[in-house]
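Residue-level listing of the chains:
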Amino acid sequence: MPPAPHRLESLAKVTGAARYSADLTHSDIPGTPLHAALVQSDHAQGQVARLVVAAAEQATGVLLVMTHLNAPRLRPINTLPGGELGRFLPLQDDRLQYSGQPLAVVVAERADQAEFAAQLIEVEYSAEAPKQDFDFTRLPAEYPQVVGAGEPAITERGQPDAAWTQAEERLELEYTTEPQHHNALEPGAALAAWDNQGRLVVDAGTQFTYGDAYALAQAFDLGVSPDFPAVMRAGRAEADFSTRIRFRSPLVGGGFGGKKGNAHPLLAAMAARLAGRPVKLVLTRRQTFSLMPFRGATRQRLRLGGTRDGQLSVLLQEALIQNAHTSNFIEPVGEMTPKLYACHHLRTGHATARLHLNAPSWLRAPGVAVSQFAVESALDEWAHHLRLDPLDVRLRNHADVEPQSGNPWSSKSLRQCYAAGAAAIGWADRDPGIGAMRDGDLLIGYGMATSVYHVAQMAASARIRLSANGTAVVESATHELGQGSWTALTQLAAEALGLPLERVQLHWGDTDLPYSSLTASSSTTLSLGAAIQAAADQLRRRLVALTGADASDVGGWRLADGALVSERAPDQRHELGPLLQCHGLAEVSAEASTADQVAQRPALGRAAFGAQFAEVAVDPQLGTVRVRRLVGAFAGGRIVNRRLAQNQLEGGMIWGLGQALLEQSRLDLTQGRWMNADLAEALVATQADVPVLEALLLDEDDRLGHPLGIKGLGEIGVVGVAPAIANAVFHATGIRVRQLPITLDKLLG
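Residues numbered from 1 in each chain as written. Predicted model: local features only at pLDDT ≥ 70, side-chain atom pairs only at ≥ 80, totals over all residues. Heavy atoms only, no water.

Taking an unreviewed UniProt entry as the reference, the protein chain is identified by name as Xanthine dehydrogenase belonging to Pseudomonas oryzihabitans. UniProt, in the comment section headed Sequence similarities (unreviewed entry), describes the protein chain in these words: "Belongs to the xanthine dehydrogenase family." (UniProt positions renumbered as here; feature names shortened; annotations may be inferred.)

Laid out in structure tokens, this is it:
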């Protein structure tokens, strides 16, 4: 495999040639696209008493005003949890569910005409008092059975209640995190059209082409399977799926969990059906705050018990999560806690408070990012309570086997991550005394935390077409969100086919191609890489059969340098071009799914691990916190492209810095509006906020977990940064901040 090539799309991006959803100017369906603009609710609860649309309908260029009175009637949707479409479909009645809910779609020849006409619509409300305040002391909680993508809401081992009562040392603590929006650089946009045969064609940036396609097909009753989870398990769509709907995703300008299951592709398709022409809908930045999801606030209660030497015997974690009446998703806060440390007794639990908000959903490192802030801050408090070094406490509680199942790890290099990160930041050289380190008037502190993220492989399919001229086309409906999957998957295909990178093309982002799993959970390289490898194995079997050799001995042959080569007799070599030509073939193809592979996972613990270290400087007069250095050391199995992996980890660490110090979506509790709904007031980390940053990649062999040896690194970089910074602030000041973000008022109070 060639060493770390640059992104295949990099030239198009830096020259402006790359195209995103909002750049698209035409559909395959005849007709110049119309433009849509939205009218949104100013109230969060009640109903629409009256909509006055006459002035908008008569405005220049307007062809359609779609409201709940004339919108297409939709069928229920059953797809992956996340977003609101599973519980709430737009423009189906006059009820209000949240502020910013779509009330009307204005369609005109030009975008400015649609936007002007939308302002002419008058809305009269019969408003009711909404439930908005996430005050966990007064809210009635719901206790779900499952969270996330179907994980149990309660995980337990041992006898945690008895162990807590009997523990020699105990700590009981509470931590809170605030709502956080994705703020991807690219807002949501969609172009939708219907052809003469009733097939729907949609172009929109998404993390799940097939998931969104099934959602829309179910909503419009296009005759597809109502059991989409079964499609996901099979890793294939029904044979005639492409005759009913086509969903294409161009380059996506950041997703982070927020670009799937959105309402805007559905609204564009509804408007296109009524208008009889393609319709394009581009959200404004402010609209993304209410029409795309967010991460809900959390309140977590942690109880730690154990011995005076720092050994944990019991850990209890209870999370209350801000949710919405429209949401079918619950943040899996306790998902990774059972895999962290070797304590015999544990329980994690979830409760939700449903408010009148737009629906929360997946956001980068869902569950784990907020959970680890609480768990790793609590472990730091545990260490200081016992006058122990925080790193030593983690080493004493290191889990040599997967704690919940007792299974061996496929691989685990956490100890090495601790050592590499500690050496890089100079952990042993710091003064461990609280408030003991200074640089002039500034207080200096060091903190650390463990990073962890699950390994996810989802069923997927891939097709390979190998030509006699020695080129190959690899096809799967996967996605390029900016993370580099286009490049990494092309590398894996080139490796499997024994071809130079430049002779392999990856076709992606289109449901006319074989089924792809969603791009999420740090899973794409493994999930699609495994599908490509499976298709390459099938292709190799076909080629062996063409030689006249025993096709069952496919393992005795490999593809290399444009030829099929015998492993046992390297001089026995069949050039692919002549081999195909002698059988009158211009190309040979093969397609494979990994559904059986995913269903037969080995009994092993699998996770990516890392360690985050932070150095901060705090001004005690102003309460300002500046992160001087961030060091993360990570072990994520095989690294397909070190350059891309480094990008992902550094970006994740910057995201974690934003979570720690800046990011907080503020809600107006009277009307339910997001108040800082733009990039001027919704603070995210910029270049000036980023410190000296070092992401260390450790080599790790995880072929026991999967033959490709890949784990995934897309999200682990986020995890652990916030508690490392919070712990460093405590080391500098002696002030324990248990609520994110860490703002100056929390240090000056």
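Draft legend 1. View of the UniProt feature "domain: Aldehyde oxidase/xanthine dehydrogenase a/b hammerhead" (unreviewed entry) in the protein chain. Under the feature "domain: Aldehyde oxidase/xanthine dehydrogenase a/b hammerhead" (unreviewed entry), the UniProt entry names residues 15-129. From the first C-alpha to the last, residues 15-129 spans 51 Å; its make-up is 11% helix and 30% strand. (Helix = DSSP H or I, 4+ residues; strand = E, 2+ residues; numbered from the N terminus.)

Draft legend 2. Geometry of the packing of aromatic side chains. Taken as a whole and assessed by the stated rule, the structure comprises 15 aromatic pairs. Between Tyr210 and Phe241, the ring centres sit 5.5 Å apart and the planes meet at 25 degrees, which makes this aromatic pair stacked. Note that Tyr210 is positioned in helix α5 (residues 209-219) and Phe241 in the loop between α6 (228-234) and β14 (245-248), a separation of 31 residues in sequence. Pair check on accessibility: Tyr210 and Phe241 agree, each one buried. The interplanar angle of 90 degrees and the centroid separation of 5.3 Å between the aromatic rings of Trp409 and Phe609 together place this pair among those described as edge-to-face. Remark: Phe609 occurs in strand β29 (residues 607-618) and Trp409 occurs in the loop between α10 (390-396) and α11 (414-425); sequence separation between them is 200 residues. Each member of the pair, Trp409 as well as Phe609, is classed as buried. Taken together through their ring pairs, the aromatic side chains of Phe208, Tyr210, Tyr214, Phe228, Phe241 and Tyr515 make up a single cluster. Sitting over the face of the ring of Trp164, Arg170 holds its NZ or CZ atom 4.8 Å from the ring centroid. Note that Arg273 overlies the ring of Trp194, its terminal NZ or CZ placed 4.1 Å from the centroid. (Phe/Tyr/Trp six-rings, centres within 6.5 Å; stacked < 30°, edge-to-face > 60°. Buried < 20%, exposed > 50% of the residue type's maximum accessible area, 1.4 Å probe, protein only. Lys NZ or Arg CZ within 6 Å of the ring centre and 35° of its normal.)

Draft legend 3. Representation of the nonpolar core in the model. Judged by nonpolar contacts, the single largest core of 87 residues is most densely connected at Val616, Leu630, Ile725 and Ile742. Beyond its immediate sequence surroundings of up to four residues, Ile725 is in contact with Ala614, Val616, Val627, Leu630, Leu657, Ala660, Leu661 and Ile742. If you look at the next biggest cluster of nonpolar residues, it comprises 58 residues, including Leu89, Ala213, Leu216 and Val224. (Core = buried A, V, L, I, M, F, W, Y, C linked by side-chain atoms within 4.5 Å. Contact = heavy atoms within 4.5 Å.)

Draft legend 4. The environment of Ser411, seen in detail. Inspection of the secondary structure puts Ser411 in the loop between α10 and α11. Take Ser411: its relative accessible area is 10%, and that puts it in the buried class. Residues Ser411 and Leu604 lie 193 residues apart in sequence; the distance between their C-alpha atoms is 9.1 Å. Discounting residues that sit within four places of it in the chain, Ser411 has contacts with Ala607, Glu700, Asp701, Asp702 and Lys711.

Draft legend 5. Examining the domain arrangement of the protein chain more closely. What the domain assignment lists for the protein chain is domain 1 (10-128 + 183-291), domain 2 (146-180 + 295-456 + 604-746) and domain 3 (461-600). Centre-to-centre separation of domain 1 and domain 3, based on C-alpha positions: 36 Å. Taken together, the contacts link 30 residues of domain 1 with 24 residues of domain 3. Between domain 1 and domain 3, roughly 1900 Å² of surface is buried when both sides are summed, and carbon and sulfur atoms account for 53% of that area. Among the residues domain 1 hides against domain 3, the three largest losses belong to Gln207, Tyr210 and Arg236. Together they make up 29% of the total. Along the contact surface separating domain 1 from domain 3 lie four salt bridges. Measuring nitrogen to oxygen at the nearest pair gives 3.4 Å for the salt bridge that ties Glu591 to Arg236. Our count for the domain 1 to domain 3 interface comes out at 16 residue pairs in polar contact (both at pLDDT 80 or more). Counting only elements with at least two residues in the side of domain 1 that touches domain 3, the list comes to α5, α6 and β14. (Domains from an automatic or database assignment. Buried area = accessible area lost by both parts, 1.4 Å probe. Salt bridge = Lys/Arg side-chain N within 4 Å of Asp/Glu carboxyl O. Polar contact = N/O pair within 3.5 Å; in protein donor to acceptor, adjacent residues only side chain to side chain.)

Draft legend 6. Layout of the side chain of Thr176. Mapped onto the secondary structure, Thr176 falls in strand β10 (residues 169-177). For Thr176, a relative accessible area of 15% corresponds to the buried category. Once residues lying within four places of it in the same chain are set aside, the contact partners of Thr176 are Thr298, Arg299, Phe373, Arg738, Gln739 and Leu740.

Draft legend 7. Spotlight on the sheet that holds strand β3 (residues 62-67). Taken in spatial order, the seven strands make up an open sheet running β3-β5-β1-β15-β12-β13-β14, and their pairing is mixed. Edge positions in the open sheet fall to β3 and β14, since each of these has one partner strand only. Pairwise comparison of adjacent strand axes, ignoring direction, gives a mean angle of 20 degrees for this sheet. Summarising the sheet, strand β1 (residues 34-40) and strand β15 (residues 279-282) pair through three bridges and their orientation is parallel. (Pairing = 2+ DSSP bridges. Axes fitted to C-alpha atoms, helices over the stretch in contact; angles between N-to-C directions.)

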